[in-house]
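Secondary and tertiary structure notes
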Amino acid sequence: MAEERNRRSILEQAQRPGNTSCSDCGAPDPDWASYTLGVFICLNCSGIHRNIPQISRVKSVRLDPWDDVQIEYMSCLGNKVAQQKFESKVPAFYYKPTASDCQVLREQWIRAKYERKEFIYIEKQEPYSAGYREGLLWKRGRDNGQFLSRKFVLSEREGVLKYFNKNDAREPKAIMKIEHLNATFQPAKIGNPNGLQITYLKDNSTRNIFVYHDDGKEIVDWFNAIRAARFHYLQVAYPVAGNIELVPKLTRNFLKEGFMEKTGPKHTEGFKKRWFTLDDRRLMYFKDPLDAFARGEVFIGSKENKYEVLEGLPPSTQGNHWQHGITIVTPDRKFLFACENDVDRSEWISAFRKVLSKPMLPQEYAVEAYFKHKP
Ligand SMILES: [Zn+2]
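We now turn to the structure provided with this report. Small disclaimer: the values here were computed from a predicted structure and weren't measured.

**With respect to the pattern of salt bridges**
With the rule as written, the count across this model stands at 24 salt bridges. Residue Arg252 pairs with Asp279 through a salt bridge whose shortest N-O separation is 2.7 Å. Remark: Asp279 occurs in strand β12 (residues 272–279) and Arg252 occurs in the loop between α9 (243–246) and β11 (256–262); sequence separation between them is 27 residues.

Rendered as structure tokens:
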């Protein structure tokens, strides 16, 4: 029976090298396939493919009937061949999403590849490859939380991202150096599916701005333009470093975020609930997740440099607080935190341990010294 033969064939193809992870996000054991593109994809990505029916038609590997022509076509393509075609000219700095990334990143990756064919025709990469980009973004007001349309300019030549409060203003409202810039999608926190958090350092303290664009392509283009600018900046700053070293430094996702309670240096002023963000070695806390400035920061060094994380609080700890304590020991003092539940605590502890187990880089000693002598 042809039907039975085809069913066996598609299952066998799904086991071939390259087809055992989703062609778009890398998730293991994809159960779906696009029979017009010839790729094996996960359930999540198949949902995105369904939104571009003029390009992609999907079927379940296991549950749908397959005809001879489709089987033959899948057999000639598969993920490896399709990737050679659709990803042949992906720039080194371009962000390739994983299964855990937000919807806008995964959807735009799929559209960029198959719908716009940006990595076949390099002239389509101009929005993030030209070294200059300007346009309007909705930016959250610092104190009132209202989103207002603002002009942004990214200039590699000047080494900055800046924005203007009025379109005809000569002086930018803020100038952010590419050297100290980070960008990370935060749709849940910002409350918009295209929400992007841009973080920069000014006088060694962290500032946040929150932006979005109504068009998913536009915001992902901004994100990759920032990555391109960072890439070119780092190539000049570290001329001997290769792409493998530089690409992970372009943008950082936070290791963990969430509410904890903390107490002050004397441990007598009671615990206060704060929003914490662990960005590499910087543990920052905010009154509100969308605050522009961190209320404070704790530098987390390495084990070799006498930093330690302990479960629980010292027995002498006073006051009302959440039940699940964490103590961070630094060469100077102890920091006490309390989590609402045990799962939260385990996640924070494993995030801290990740940082503690990494040896400190030369430039991180300067950051540590700054925090030690902070007034
Ligand atoms: Zn996928």
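**A short note on the coordination of the zinc ion**
Those donors, Cys22 (SG), Cys25 (SG), Cys42 (SG) and Cys45 (SG), are the protein atoms that reach the zinc ion, and they lie 2.3 Å from it. Donor residues for the zinc ion, ordered by position in the chain, follow C-x2-C-x16-C-x2-C. In this pair, Cys22 is assigned in the loop between α1 (2–14) and β1 (32–34) and Cys42 in the loop between β2 (39–41) and α2 (43–49), connecting sequence segments 20 residues apart.

**With respect to the sheet that holds strand β3 (residues 58–60)**
On the basis of which strands lie adjacent, the open sheet formed by three strands has the order β2-β1-β3 and antiparallel pairing. Edge positions in the sheet fall to β2 and β3, since each has one partner strand and no second. Strand-to-strand, the axes of this sheet are offset by a mean angle of 30°, without reference to chain direction. Two strands pair when backbone bridges link them, and β1 and β3 are joined in this way by three bridges, in the antiparallel orientation. The residue bridging Ser34 from the neighbouring strand is Val58, located in β3.

**A word on the sheet that holds strand β16 (residues 324–329)**
The seven strands lie next to each other as β14-β13-β12-β11-β17-β16-β15, forming an open sheet whose pairing is antiparallel. Of all the strands in the sheet, just β14 (296–299) and β15 (308–311) have a single pairing partner and so form its edges. The mean angle between the axes of side-by-side strands here comes to 35°, regardless of whether they run parallel or antiparallel. Inspection of the sheet shows β12 paired to strand β13 (residues 282–286) by five bridges, in the antiparallel sense. For Trp275, the partnering residue across the bridge sits in β13 and is Phe286. Together, β13 and β14 form the strand contacts of helix α11 (residues 362–372), whose direction differs from that of β14 by roughly 130°.

Procedures and definitions
- Residues numbered from 1 in each chain as written.
- Predicted model: local features only at pLDDT ≥ 70, side-chain atom pairs only at ≥ 80, totals over all residues.
- Heavy atoms only, no water.
- Salt bridge = Lys/Arg side-chain N within 4 Å of Asp/Glu carboxyl O.
- Helix = DSSP H or I, 4+ residues; strand = E, 2+ residues; numbered from the N terminus.
- Donors = N, O, S within 2.8 Å, 3.2 Å for Na, K, Ca; no water.
- Pairing = 2+ DSSP bridges.
- Axes fitted to C-alpha atoms, helices over the stretch in contact; angles between N-to-C directions.
- Contact = heavy atoms within 4.5 Å.

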